[in-house]
Amino acid sequence: MRLAEVAEKLGVAEWRLKGALERQSIQLVKNFQPSYLVFKKDVSGIERGTAVFLGEELSVVRGFPKIKRAFYLEPLLKKHFSSRVAVEEKMNGYNVRVALVEGRLLALTRGGYVCPYTTAKLRESRNTERFLKEHPSLMLCGEAVGEKNPYVVHHYPEAGDFGFFIFDLRERESNESMPVLERNALVEEYELRHVRLFGIFDKGDATREIFRIVQELAAEGREGVVIKDPEMKLPPIKYTSSQTNASDLAYAFRFPYEYGREFFFSRIIREGFQAVEWDESEAELEKRALRLGKSILLPMVESIKKVRQGEILTEDYELDFASEAELEEFLAYLRRQGVSVIVEEMQHRDGGVRVILKRLRSSSTDKIRSVLNGRGE
Ligand code: ATP
Ligand code: MG
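Residues numbered from 1 in each chain as written. Chains lettered and ligands numbered in written order. Predicted model: local features only at pLDDT ≥ 70, side-chain atom pairs only at ≥ 80, totals over all residues. Heavy atoms only, no water.

1. Some details on the overall build of the protein chain
- A count of helical and extended segments in the protein chain gives twelve helices and 16 strands.
- Here the C-alpha atoms of the protein chain give a radius of gyration of 22 Å, agreeing with the 21 Å that 2.2 N^0.38 yields for 377 residues.
- Projected onto the principal axes, the alpha-carbon positions of the protein chain cover approximately 60 × 55 × 50 Å.
- The 377 residues of the protein chain split such that 51% are buried. (Helix = DSSP H or I, 4+ residues; strand = E, 2+ residues; numbered from the N terminus. Rg over C-alpha atoms; globule rule 2.2 N^0.38 Å. Buried < 20%, exposed > 50% of the residue type's maximum accessible area, 1.4 Å probe, protein only.)

2. A few points about the sheet that holds strand β5 (residues 68–69)
- Spatially, β5-β13-β12-β6-β11 is the arrangement adopted by the five strands of the open sheet, whose pairing is mixed. Bordering the open sheet on either side are β5 and β11 (197–202), each of which pairs with just one other strand.
- Both strand β6 (residues 84–90) and strand β12 (residues 224–228) contribute to a ladder of five bridges, which runs antiparallel. Pairing of E89 across the sheet is with V225, part of β12.
- Across the sheet, helix α3 (residues 73–80) lies against β5, β12 and β13 (237–240), angled at about 165 degrees from β13, the strand it touches most. (Pairing = 2+ DSSP bridges. Contact = heavy atoms within 4.5 Å. Axes fitted to C-alpha atoms, helices over the stretch in contact; angles between N-to-C directions.)

3. Here's the deal with the layout of surface pockets
- Approximately 470 Å³ is the volume attributed to the second largest pocket.
- Lining the second largest pocket are 25 residues, and of these F32, V114, P116, Y333 and R336 sit closest to its centre.
- Elements with a minimum of two residues in the lining of the second largest pocket: β1 (26–29), β8 (104–109), α4 (116–123) and α11 (324–336).
- When residues of the lining of the second largest pocket are assigned to their parent elements, the largest contribution, six residues, is made by α11.
- For the lining of the second largest pocket, a count of residues per class yields 14 nonpolar, five polar and six charged. (1 Å grid on protein atoms, 1.4 Å probe; cavity = no way out; pocket = protein on both sides within 12 Å on 5 of 7 lines; lining within 4 Å. Points joined across faces, edges and corners; volume = space filled by probe spheres on them. Nonpolar A, V, L, I, M, F, W, Y, C, P; charged D, E, K, R; others polar.)

4. Focus on the site of ligand 1
- By nearness alone, 16 residues border ligand 1, and K66, E89, K90, E143 and K238 come closest of all.
- Within the backbone of I67, one N or O atom sits 3.3 Å away from an oxygen atom of ligand 1.
- Take M91: an N or O atom from its main chain is 3.1 Å from a nitrogen atom of ligand 1.
- Here ligand 1 loses 82% of its free accessible area of 600 Å² to cover by the protein chains.
- Among the elements of the structure, β6 and β12 are those that each provide at least two residues to the shell around ligand 1.
- Considering every element that reaches the shell around ligand 1, the biggest residue donor is β6, with three residues.
- Taken together, the residues of the shell around ligand 1 sort by class into six nonpolar, one polar and nine charged. (Near = heavy atom within 4 Å. Polar contact = N/O pair within 3.5 Å; in protein donor to acceptor, adjacent residues only side chain to side chain. Areas by Shrake-Rupley, 256 points an atom, 1.4 Å probe, with all protein chains shown as cover.)

5. Examining helix α10 (residues 282–308)
- With 27 residues, α10 should cover 39 Å at 1.5 Å per step; its first-to-last C-alpha distance of 38 Å lies within 8% of that length.
- If you look at α10, its biggest bend is around 30 degrees, right at K294.
- Along α10, the residues classified as buried are R288, L292, S295, I296, P299, S303 and V307.
- Buried positions along α10 lie against α8 (242–252), α9 (261–277) and α12 (362–372). (Expected span 1.5 Å × (residues − 1). Bend = angle between axes of the 7 residues up to and from the residue.)

6. Description of the domain arrangement of the protein chain
- Partitioning the protein chain into structural domains gives domain 1 (3–61), domain 2 (68–236), domain 3 (242–308) and domain 4 (314–360).
- Relative placement of domain 3 and domain 4: their C-alpha centres are 31 Å apart. (Domains from an automatic or database assignment.)

7. Observations regarding the pattern of salt bridges
- Under the criterion given, the structure shown has 26 salt bridges.
- The partner of E129 in a salt bridge is R126, and the shortest N-O contact between them spans 3.6 Å. Here E129 and its partner R126 are both found in helix α5 (residues 126–134), three residues apart, which amounts to about one turn of the helix.
- The class of E129 is buried, set by a relative accessible area of 15%.
- A salt bridge links R222 to E158, with the shortest nitrogen-to-oxygen separation between them at 2.6 Å. Residue R222 is found in the loop between α7 (203–219) and β12, and its partner E158 is found in the loop between β9 (138–145) and β10 (163–171); the two are separated by 64 residues along the sequence.
- In this structure E158 comes out as partly exposed when scored by relative accessible area, which is 31%. (Salt bridge = Lys/Arg side-chain N within 4 Å of Asp/Glu carboxyl O.)

8. As for the packing of aromatic side chains
- With the rule as written, the count across this model stands at 18 aromatic pairs.
- Arranged with centres 5.4 Å apart and planes meeting at 90 degrees, the rings of F32 and Y36 form a pair that is edge-to-face.
- Arranged with centres 4.8 Å apart and planes meeting at 40 degrees, the rings of Y259 and F263 form a pair that is tilted.
- An aromatic cluster of three or more residues is present, and its members are Y117, F321, F330 and Y333.
- Across the ring face of F263, the terminal group of R267 is positioned such that the distance to the ring centre comes to 3.7 Å.
- Looking at R288, its charged tip hangs above the ring of W278, at a distance of 5.8 Å from the centre. (Phe/Tyr/Trp six-rings, centres within 6.5 Å; stacked < 30°, edge-to-face > 60°. Lys NZ or Arg CZ within 6 Å of the ring centre and 35° of its normal.)

9. What about empty space enclosed by the protein?
- Tallying each qualifying case throughout the model produces two cavities of 30 Å³ or more.
- Its volume calculated, the largest cavity comes out at about 70 Å³.
- Of all the secondary structure elements, the ones that give two or more residues to the lining of the largest cavity are β13, α8 and α9.
- Residue contributions to the lining of the largest cavity peak at three residues, all from α9.
- Its residues assigned to classes, the lining of the largest cavity shows three nonpolar, five polar and three charged.
- Both domains that meet at the lining of the largest cavity, namely domain 2 (68–236) and domain 3 (242–308), each give it at least three residues.

Right, here's the structure in full:
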């Protein structure tokens, strides 16, 4: 499987890759042309989400690094950054890396798999393709957002059904990142879109500015910010609003057994630190407490009632495909990912198809049902 060649390209020991393959920390995806390796975990400093396409020449698309979260902002900013910080909007969608592999545009999800749906959407943009043809060593890293996608549905007035907002340009083999202003200028040159940059601040003033920005974003139902070294030499930090937190919790508590406990715990702890750092009054705390409690309890009650009435829990997505073949390809991809869906409604419309996909949330349905049927915890 050309492991020696892959090892050399990545600069890691071949025996490490071999071990990782045996442990299934690296997976070979065969039903794709060209076949590719996906890193399901970090291996010798190569990030989870890295994909190595085994074409005539090897093409490496490195994983997008994890971003640390600030719970209590000011001391972390002071400690982490050197002098100035760029504050960007954090958009709430799903992470996509776009790269040219053997001359074709491919869109990869966070985990490192080629997503046929996202690839088809991004291929509609000539400018994206032109950018990559003229900068083949780069990958576009961005957030895919909007109301029609199979992952994270969130309304953005500027995005509509599907939007792609770039937040990073990286060398796809070395993962080196381009400075913020240079990146935005290059993105604009190709008439592509980037996430909003609120400003570049002295780190001493940044905390105050960020609190203001995050509160304004929250009022518009938007997620928060990512704080970056303008030169992109240091890892970024994310910071989000309590409203986003609550809507994440509300979303997850519709399917309480589908998420890891860490997901819930981290989101509850954040509320404590933010309330203290923002010096909230009793009335503000009361509001926060109500928001937090409601986001946990209400969706859970609704789901339990549904199961009690004999329904199954599903998460529904409306999606458009250019053809039935494209839909089939996407369904095959979901099956390979181990995702179970029902295609509920199908409408043919000028050449394409619109469907409602219902993703089964079986763990939650089954556990809730068995508790309702008398099982103790
Ligand atoms: P992780 O923290 O591992 O990246 P996560 O699923 O916990 O993953 P989030 O809490 O959403 O992710 O935060 C990180 C993600 O935020 C990034 O992977 C990226 O997809 C998204 N993102 C949105 N806007 C930006 C931005 N301006 N800069 C960087 N990342 C952004
Ligand atoms: Mg996100």
